[in-house]
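Structural overview for review
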Amino acid sequence: RDRIEPLLKWLHKNFPNVKTDNYRSWACLRPMTPNMMPVVRRSRNSKYYYHTGHGHLGWTLSAATAQQLTKLIQEDK
């Protein structure tokens, strides 16, 4: 609540017509593996691929792991 109140205050000040009586808060947490290493691999049935588990390092790691995923998919063609 301490983080949301200042945002609502700013919103009401700058956009007074926006209704906030039914908003939902969200912590913006991202899925993360216990050792913080993302999962980039093919599923058991090889129709699907996993590219997840980056957690808060998603912006930092996603470009490199996207390249790994692309290479994996191309190898399977």
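Above: the structure in question.
Anyway, here's the lowdown on the structure attached to this text.

Conventions adopted
Residues numbered from 1 in each chain as written. Predicted model: local features only at pLDDT ≥ 70, side-chain atom pairs only at ≥ 80, totals over all residues. Heavy atoms only, no water. Helix = DSSP H or I, 4+ residues; strand = E, 2+ residues; numbered from the N terminus. Rg over C-alpha atoms; globule rule 2.2 N^0.38 Å. Contact = heavy atoms within 4.5 Å. Areas by Shrake-Rupley, 256 points an atom, 1.4 Å probe, with all protein chains shown as cover. Patch = residues over 30% accessible without salt bridge, like charges linked within 9 Å, V, L, I, M, F, W, Y side chains within 5 Å. Salt bridge = Lys/Arg side-chain N within 4 Å of Asp/Glu carboxyl O. Buried < 20%, exposed > 50% of the residue type's maximum accessible area, 1.4 Å probe, protein only. Polar contact = N/O pair within 3.5 Å; in protein donor to acceptor, adjacent residues only side chain to side chain.

1. Description of the overall build of the protein chain
- Secondary structure assignment for the protein chain yields 2 helices and 2 strands.
- In the protein chain, the succession of α and β elements from N to C terminus is α-β-β-α.
- Relative to the 2.2 N^0.38 estimate, which gives 11 Å for 77 residues, the radius of gyration of the protein chain is 19 Å and therefore markedly larger than a compact globule would have.
- Counting only C-alpha atoms and orienting by the principal axes, one finds that the protein chain spans roughly 55 × 25 × 20 Å.
- Taking all contacts inside the protein chain whose residues are at least 6 apart in sequence as the whole, residues at least 24 apart take part in 21%.
- Entry remark: accessible area of the protein chain is about 7200 Å², with carbon and sulfur atoms responsible for 56%.

2. Things to note about a nonpolar patch on the surface
- Taken together, the side chains of W10, F15 and V18 define a hydrophobic patch exposed on the protein surface, amounting to about 310 Å² of accessible area.
- Within the fold, V18 resides in the loop between α1 (4-14) and β1 (39-42).
- What makes V18 partly exposed here is its relative accessible area of 37%.

3. Overview of the side chain of T20
- Along the polypeptide, T20 turns up in the loop between α1 and β1.
- Of the polar contacts made by the side chain of T20, one reaches the side chain of H12; its length is 2.8 Å.
- In this structure T20 touches L8, L11 and H12, once residues within four positions along its chain are discounted.

4. Remarks on the environment of S62
- The residue S62 is located in helix α2 (residues 58-75) in this model.
- Assessed through its relative accessible area of 26%, S62 is described here as partly exposed.
- The spacing of S62 and R42 is 20 residues in sequence and 17 Å in space, taken between C-alpha atoms.

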